[in-house]
Amino acid sequence: MAKMWAGRTSGATDSLADDFNSSIHFDYRMYREDITGSMAHAAMLGKQGIITADEAEKLIAGLSDILADIDEGKLEFDMSCEDIHMFIEQVLTERLGDIGKKLHTARSRNDQVALDLRMYLRNEVDEILSLLRELVEIVCNRAEEHKATIVPGYTHLQRAQPITFGHHLMAYAMMFLRDIDRFLDCKKRINVSPIGSCALAGTTYETDRIFEAEKLGFDNIAMNSIDGVSDRDFCLDFMAAVSTLMMHLSRLSEEIILWSSWEFKFIELSDAYTTGSSIMPQKKNSDMAELIRGKTGRVYGDLLALLTTLKGLPLAYNKDMQEDKESVFDAVDTVKMALPVMSGMLKTMTVLKDNMKAAAQKGFINATDMADYLVKKGMPFRSAYKISGQLVAECISRGCVLETLPLEVYKEKSDLFGDDIYEVIDLEVCVNKRISLGGTCVASVEKQIEFVRNSL
Ligand code: ARG
């Protein structure tokens, strides 16, 4: 079929070149935005007298029919079209004749595609935000359930100090809260209307960009038409936000994988979120967590791909920019799958409190509390630290723990030790004495949960 843009050229394009050039096989997903944008454009053209009111009405009705037909499956995308914009215009013209050909007055595909992508992305951001909020709620619920469940806290993956599992989970809630903030922030820069920038220089027609932007729910308009068609920062902001979120999901996934191993056995994932092995009958693998971790790399790739595409691109529109959409779509699809999988996995996992407690009892994670005990009785911290270390070594050689080490042994090291040492090194006491703001005691975890729930 003759190209809609065939004017200067008369020779047919090579079919391989057509395939290479075409984007309809992925940009068809913006059909709704494309049509809604065109309806606002037709309304603006009519209001400004650039086309007649009657023509505007016919265009709007025709576009609305096309939208309904696609939604109802009555109209199929013609994959031989160059892109979604050409397809819609072609159908409109087939249906309305010459009036259809008036739609593209005072615009270009350059501002049209930027418009479509922004409208598409702001919707997706809203969906991602609602999935994220659901996840945060689940994290808060599980944290509340386990606000007093003792587990070792780690540094260097070595048992460090006792914490509650609720406290550990709430650390993730804080990360996700910041992710929510990042998406809200990037939405501000997405929701800027480029339409009316036209090819790059604006137009000689008396258009009303503000009317069009307001009709489409934009907060602002691009104030420079060259920037309007060239800017893809909003895609980068979005993919950077998705990358950070995926990084958080990946860290949590890694912990879930560790916790479900026999070596930890702190949690048991529901069968709904695990797989078996085709050869080893005993296996229960945490594939979902592994995939979230794995797909994080893929999203970083999406961000890097677009950064690289844009680097060194001269102003204004270049066809390179058609490459923006697959990266954005892939990041959208990936995070929209990862979030509900993580939510479901957390919601249904069984927390094995006894195993957590047993691990907490084995790692001398109350040694800091023992040192603090001596400090509170007047010993300088460094000396107290040394004695505590020696007592840990003593336990290791005797094969016992601080809780079962006899008082005489304590007294040999310092006569500041009394019977009350056993109470101070009790794990529950250790946890509940950490009353500092943001600390691990039950009351503090309760406050964190309240803070996060209020922020949602
Ligand atoms: N399919 C194109 C894209 O995604 C639409 C814009 C085409 N503009 C042009 N001047 N060829 O970028």
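Computed from a predicted model, the values in this text were never measured in an experiment. All residue numbers here refer to positions counted from 1 along the written sequence of the relevant chain. Where local features are concerned, this predicted model is filtered to residues with pLDDT of at least 70; where side-chain atom pairs are given and counted, the filter is 80 or more; whole-chain, interface and lining totals use all residues. Computation of side-chain values covers all heavy atoms of the structure but excludes hydrogens and water.

Draft legend 1. Layout of the pattern of salt bridges. In the sections that follow, a salt bridge refers to a side-chain nitrogen of Lys or Arg positioned within 4 Å of a carboxyl oxygen of Asp or Glu. The full count for this structure, using the stated rule, is 34 salt bridges. Between Lys-284 and Glu-268 there is a salt bridge; the shortest N-O distance is 2.9 Å. Of the two residues, Lys-284 is situated in the loop between β5 (267-268) and α11 (287-310) and Glu-268 in strand β5; the sequence distance between them amounts to 16 residues. The partly exposed category is assigned to Lys-284, whose relative accessible area is 34%. Through salt bridges that share partners, Glu-82, Asp-83, Arg-109 and Lys-319 make up one connected network. Each helix corresponds to a stretch of at least 4 residues labelled H or I by DSSP, and each strand to a stretch of at least 2 residues labelled E; elements are numbered beginning at the N terminus. For each residue, the accessible area found with a 1.4 Å probe, counting protein chains only, is set against the maximum for its type, and the residue is called buried under 20%, exposed over 50%, and partly exposed in between.

Draft legend 2. Expanded view of a nonpolar patch on the surface. Patches in this entry comprise residues that are over 30% relatively accessible and not in a salt bridge; like charges within 9 Å are linked, as are nonpolar side chains (Val, Leu, Ile, Met, Phe, Trp, Tyr) within 5 Å. To measure how exposed things are, a 1.4 Å probe is used in the Shrake-Rupley method; for residues, cover is taken only from the protein chains shown. Side chains of Leu-200, Ile-226 and Leu-315 sit close together on the surface and give an oily, nonpolar patch of about 280 Å² of accessible area. Tracing the backbone shows Leu-315 in the loop between α11 and α12 (324-348). The class of Leu-315 is exposed, set by a relative accessible area of 68%.

Draft legend 3. Just unusual backbone geometry, in detail. The omega torsion of the bond from Leu-315 to Ala-316 falls at 0°, within 30 degrees of zero and hence cis. Mapped onto the elements, Ala-316 comes out in the loop between α11 and α12.

Draft legend 4. Broad picture of the nonpolar core. What makes a nonpolar core is a set of buried Ala, Val, Leu, Ile, Met, Phe, Trp, Tyr and Cys residues whose side-chain atoms join them at distances within 4.5 Å. The biggest cluster of nonpolar side chains holds 73 residues, and the ones touching the most others in it are Phe-176, Phe-183, Phe-238, Leu-249 and Ile-256. Sorting the residues of this core by element identifies α6 (109-145), α7 (165-190), α10 (233-260), α11, α12, α13 (353-362) and α19 (442-455) as the ones contributing at least two each. With 15 residues, the top contributor of residues to this core is α6. Residue contacts are counted whenever heavy atoms from the two residues lie within 4.5 Å of one another. Each residue touching Ile-256, except ones within four places of it in the same chain, is listed here: Ile-267, Leu-269, Ala-289, Met-342, Met-345 and Leu-346.

Draft legend 5. Spatial organisation of the pairing of strand β1 (residues 150-155). At least two bridges found by DSSP between two strands are what make those strands a pair. Bridging between β1 and strand β2 (residues 158-164) involves six bridges; their strand directions are antiparallel. Its bridge partner being in β2, Tyr-154 is matched across the sheet by Arg-159. Counted along the chain from β1 to the antiparallel partner β2, the turn is two residues long, and its residue His-156 has a positive phi close to 55°.

Draft legend 6. Representation of the site of the ligand. Close to the ligand lie Ser-23, Asp-27, Asp-83, His-85, Arg-109, Asn-110, Val-113, Tyr-317, Gln-322 and Lys-325, which account for all nearby residues. Within the side chain of Asn-110, one N or O atom sits 3.0 Å away from a nitrogen atom of the ligand. N or O atoms within 3.5 Å of each other form a polar contact, as long as, within protein, one can give a hydrogen and the other can take it, and as long as residues adjacent in sequence are counted only when both atoms are side-chain atoms. At 2.7 Å from a nitrogen atom of the ligand is found a side-chain nitrogen or oxygen belonging to Gln-322. Burial of the ligand by the protein chains amounts to 86% of its free accessible area of 340 Å². The leading source of residues in the shell around the ligand is α6, at three residues. Gly falls in the polar group here, along with every residue not listed as nonpolar (Ala, Val, Leu, Ile, Met, Phe, Trp, Tyr, Cys, Pro) or charged (Asp, Glu, Lys, Arg). For the shell around the ligand, the per-class residue count stands at two nonpolar, four polar and four charged. Consider each residue's heavy atoms; a residue with any of them within 4 Å of a molecule or strand counts as near.

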